[in-house]
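Working through the structure, step by step
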Amino acid sequence: MRVECENCSKAFDLPDDRLPTGKKLSFPCPGCKSKITLDLREKQEPIAEKPVATPDESTGKVVFSPIAEKPSGELDGSDLKRKILNSIKDLPPMPKIIYKAREVMANPKSGFKEIAEVIETDQAIAAKVLQVSNSAYYGLSGMVSSIHQATVVLGHKTLEQLITMVSATSLLGSHLKGYRMGSGTLWQHSLAVALCSRFIAKDRAPAMENDAFSVGLIHDAGKLALDRYLLERKTLVDQALSAGITFLQVEKQVLGFDHTELASDLCTKWKLPDNHVSAMRFHHDPDASKGNQLAYIVHTANHIAQQSGIGSSLDAALYELDPGALAFLSLDEEDLTRYNEATIEAVSQITQSMT
């Protein structure tokens, strides 16, 4: 394999029979000693696109054009979703560092030093980890001065949640014009759902605490990919909203699918855990999840976050709690009130530390 250093442009050959197929490896450049990374994992084949048929008025014949060449405004349903999935090639930065950190933490041979090194690969995230570590929420105000110290003091479970949270700030802080959501609105709502999901899981399914937090934080990530397509169809969106329906229904009506379907397809493409995929897909309809406890937890947390007013969207009041959710999780109205109060306080403490 021919390899070229991006830093010094030195090129050299590596024998193919000595390369570890299916793995990702790093090594220093022989010339400038800068880090070179090779990804030898199999690349997922793109989803085959079906051609779109259009009539040619000059000949009267039907001409088939590749979906990639069609303007997105002329596509909907499965064709539009296929185009979006093909355009998103890889995990965004947030999940990459999360799952790398999880991989290191899951290795019994890994120590605090190795975990700290993963976090420090992104200095912006490392700075936020230190900032939030010293917040009132974690009770360590002014006590944490290094990433290594944070890993020791907080422990693996809490540290994983913190990495997930701070990694999502830039990704979820966007201004979503198609959804009429200002900068930071989706982030505030997502943080509330993540924290509330964690509270519920801690009481009802402790083994799922980290999973609940992670899925709660990215449960609406599909909206990030769909926002531009709703904005392209602003007139149709306005007409649909005037009928008093939710954005979830608007997505189905205007695009032919919703953000939960797209998010679950992306999670499948990225080979995330099956229970995460199901929870993302059914967080608005947990009864259809075939008993996925994570879906019920995130659904209930989403309802509580909507009721709390944190990061509320225009259609927040239109969403209802699944009738069987409380029974499934063995919760009652008093529990909802308690989680609501705890979520509002936690969001306030964390956001204050990050400003």
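Relevant structure appears above.
Notes on the structure in this doc start here. (Residues numbered from 1 in each chain as written. Predicted model: local features only at pLDDT ≥ 70, side-chain atom pairs only at ≥ 80, totals over all residues. Heavy atoms only, no water.)

Now for the pattern of salt bridges. Under the criterion given, the structure shown has 14 salt bridges. In this structure, E232 engages R228 in a salt bridge whose closest nitrogen and oxygen atoms are separated by 3.7 Å. With E232 and R228 both in helix 10 (residues 222–232) and four residues apart, this pair spans about one turn of that helix. Note that D238 and K234 form a salt bridge whose closest N and O atoms lie 3.0 Å from each other. Placement of the pair is D238 and K234 together in helix 11 (residues 234–241), with a separation of four residues, close to one helical turn. With relative accessibility at 30%, the residue D238 sits in the partly exposed group. For K234, a relative accessible area of 42% puts it in the partly exposed group. (Salt bridge = Lys/Arg side-chain N within 4 Å of Asp/Glu carboxyl O. Helix = DSSP H or I, 4+ residues; strand = E, 2+ residues; numbered from the N terminus. Buried < 20%, exposed > 50% of the residue type's maximum accessible area, 1.4 Å probe, protein only.)

Bringing the side chain of T351 into the picture now. You can see T351 is positioned in helix 17 (residues 333–354). Relative accessible area serves as the criterion here: at 17%, T351 is assigned to the buried category. Here the side chain of T351 touches S348 through a polar contact of 3.2 Å, landing on its backbone oxygen. Ignoring anything within four residues of it in the chain, the contact list for T351 reads Q188 and L191. (Polar contact = N/O pair within 3.5 Å; in protein donor to acceptor, adjacent residues only side chain to side chain. Contact = heavy atoms within 4.5 Å.)

Another aspect to go through is helix 9 (residues 209–218). Most of helix 9 is tucked away: nine of the ten residues are buried. Looking only at helix 9, the buried set comprises E209, N210, A212, F213, S214, V215, G216, L217 and I218.

The subject of this paragraph is a nonpolar patch on the surface. Together, F112, V152 and V153 give the surface a local cluster of nonpolar side chains, amounting to about 230 Å² of exposed area. Its location among the elements puts V153 in helix 5 (residues 147–154). Accessibility expressed as a relative area gives 41% for V153, which makes it partly exposed. (Patch = residues over 30% accessible without salt bridge, like charges linked within 9 Å, V, L, I, M, F, W, Y side chains within 5 Å. Areas by Shrake-Rupley, 256 points an atom, 1.4 Å probe, with all protein chains shown as cover.)

Moving on: helix 5. Considered for burial, the residues of helix 5 that qualify are I147, A150, T151 and L154. An end-on view of helix 5 places all buried positions within 100° of arc, on one side of the element. Where helix 5 is buried, its residues touch helix 3 (112–119), helix 4 (123–133) and helix 6 (156–167). In the segment just after helix 5, G155 is the residue with positive phi, at about 85°. (Arc of directions from axis to C-beta.)

Let us look at unusual backbone geometry. One non-glycine residue, K290, adopts positive backbone phi at about 60°. Residue K290 is classed as exposed on the basis of its relative accessible area, which comes to 83%. Positive phi is not limited to glycine here, since S330 has a value of about 55°.

Further remarks concern the nonpolar core. M165, L195 and I200 are the most contacted members of the largest nonpolar core, which totals 93 residues. Among the elements that line this core, the one with the most residues is helix 8 (residues 185–204), at eleven residues. Ignoring anything within four residues of it in the chain, the contact list for M165 reads V132, Y138, W187, L191, F213, L217 and I350. Formed by six residues, the second largest nonpolar core is a distinct cluster that contains C5, C29, L38 and L40. (Core = buried A, V, L, I, M, F, W, Y, C linked by side-chain atoms within 4.5 Å.)

Time to look at the packing of aromatic side chains. The relative placement of two aromatic rings is captured by the distance of their centres and the angle of their planes. For the structure shown, the criterion picks out three aromatic pairs. Between the aromatic rings of Y137 and Y138, the centroid separation amounts to 4.9 Å while the plane-to-plane angle is 85°, which identifies the pairing as edge-to-face. Comparing Y137 with Y138, the two get one shared label, buried. When the centroid spacing of 3.9 Å and the interplanar angle of 10° are considered together, the rings of Y296 and F328 count as stacked. Linking Y296 in helix 15 (residues 293–308) with F328 in helix 16 (residues 325–329), this pair joins segments that are 32 residues apart in sequence. (Phe/Tyr/Trp six-rings, centres within 6.5 Å; stacked < 30°, edge-to-face > 60°.)

Among the structural elements, A263 can be located in helix 13 (residues 259–269). Taking the C-alpha atoms as reference points, A263 and A221, 42 residues apart in sequence, are found 6.6 Å from one another. Dropping the residues within four chain positions of it, A263 is found in contact with G222 and M280.

Glancing now at the packing of helix 11 against helix 12 (residues 247–255). For the pair helix 11 and helix 12, the least separation of the axes is 10 Å and the interaxial angle reads 130°. Classified by the interaxial angle, the pair formed by helix 11 and helix 12 is oblique. Crossing handedness for the pair helix 11 and helix 12: right-handed. Together, L236, V237, A240 and L241 of helix 11 and F247, V250, Q253 and V254 of helix 12 make up the contact between the two elements. Here the contact of helix 11 with helix 12 is built from residues that sort into seven nonpolar, one polar and no charged. (Axes fitted to C-alpha atoms, helices over the stretch in contact; angles between N-to-C directions. Parallel < 35°, antiparallel > 145°, perpendicular 65-115°, else oblique. Left-handed = near helix turned anticlockwise from the far one by under 90°. Nonpolar A, V, L, I, M, F, W, Y, C, P; charged D, E, K, R; others polar.)

The next subject is the packing of helix 4 against helix 6. Viewed as axis vectors pointing N to C, helix 4 and helix 6 meet at an angle of 120°, and their least axial separation amounts to 9 Å. By the angle between their axes, helix 4 is oblique relative to helix 6. The two elements helix 4 and helix 6 cross, and the hand of that crossing is right-handed. Between helix 4 and helix 6, the residues in contact are I125, K128, V129, V132 and S133 and L159, L162, M165, V166 and S167, respectively. Looking at side-chain class alone, the contact of helix 4 with helix 6 contains seven nonpolar, two polar and one charged residues.

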